[in-house]
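The chain contents come next:
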Amino acid sequence: MVCVDVKRLEWSGFIGGVIYWLFVFWSINQNPWFSFWKNALSDLGGGSANAPWIYNLGLVVTSMFVALFSAYLIFIAHSKIQTVGGAYISISAIFLALIGIFHEGRYPHVFVSTYFFIQFFLGALVYGIGSRDTLGIGAVFLFILAVVGALVKWPSTAILEAYEIILVMVFTLLVPLYSKNFTTFGEYESGG
């Protein structure tokens, strides 16, 4: 029997978020016109941006880390509900990559951008409901914050997106800190 060391994947979601922000700041460096107060983050990957490939590549690279994180969630799932939540997040990884492929100004950019967030937060909510512990409470709270955040009138789309991305990153921190997990597939270890 081959054991898969899934413990190495537990921080992949948060690392993906950090990598995303590194690409954002690299892209902003190439686009001094960009303003968090006036633009959308996707403007960095649109046709009027300098080196739009930087931002779009960042989305695709980040999606790989979200996919690894979703695999981790599925491996450590203790219920069918958690498995479904992890699967939803795996689909969000596909939509995240599609944001970079169908960059700003191309159809269906708005749909894939919106659906990434919807799919991720639904996945986090479902995963949390299956937890029935601190992680579950945190996931429900983050879902409520995401919905409320989507209803608030923000000064710009970039600020709304940054808010939602921070919530995504908080969930990726809650999972390794508050879930019971496996060190290797098939070997149970009690966590935080």
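Here we summarise the structure given alongside this text. If you're wondering where the values come from, they're calculated on a predicted model, not measured in any experiment.

Looking only at helices and strands, one finds 6 helices and 2 strands in the protein. Ordered by position from N to C terminus, the α and β elements of the protein give α-α-α-α-α-α-β-β. Whereas a compact globule of 192 residues would reach a radius of gyration of roughly 16 Å, the protein reaches 17 Å, a difference of no more than 12%. If one aligns the C-alpha atoms of the protein with their principal axes, the spans along those axes are about 50 × 35 × 25 Å. Within the protein, the proportion of its 192 residues that are buried is 49%. Within the protein, contacts between residues separated by at least 24 positions form 67% of all contacts whose residues are at least 6 apart in sequence. A total of about 9500 Å² of accessible surface is found on the protein, and carbon and sulfur atoms cover 71% of it. Considering the protein, the positive charge centre built from 8 side chains and the negative charge centre built from 9 side chains are found 5 Å apart.

With that settled, consider the environment of Phe120. When you line up the elements, Phe120 lands in helix α4 (residues 109-131). Sequence separation of Phe120 and Ser90 is 30 residues, and the distance between their C-alpha atoms is 8.3 Å. Once you skip the residues sitting within four places of it in the chain, Phe120 turns out to touch Ile89, Ser92, Val168, Phe171 and Thr172.

About the thresholds
- Residues numbered from 1 in each chain as written.
- Predicted model: local features only at pLDDT ≥ 70, side-chain atom pairs only at ≥ 80, totals over all residues.
- Heavy atoms only, no water.
- Helix = DSSP H or I, 4+ residues; strand = E, 2+ residues; numbered from the N terminus.
- Rg over C-alpha atoms; globule rule 2.2 N^0.38 Å.
- Buried < 20%, exposed > 50% of the residue type's maximum accessible area, 1.4 Å probe, protein only.
- Contact = heavy atoms within 4.5 Å.
- Areas by Shrake-Rupley, 256 points an atom, 1.4 Å probe, with all protein chains shown as cover.
- Lys, Arg positive; Asp, Glu negative; His and termini not counted.
- Charge placed at Lys NZ, Arg CZ, Asp CG, Glu CD.

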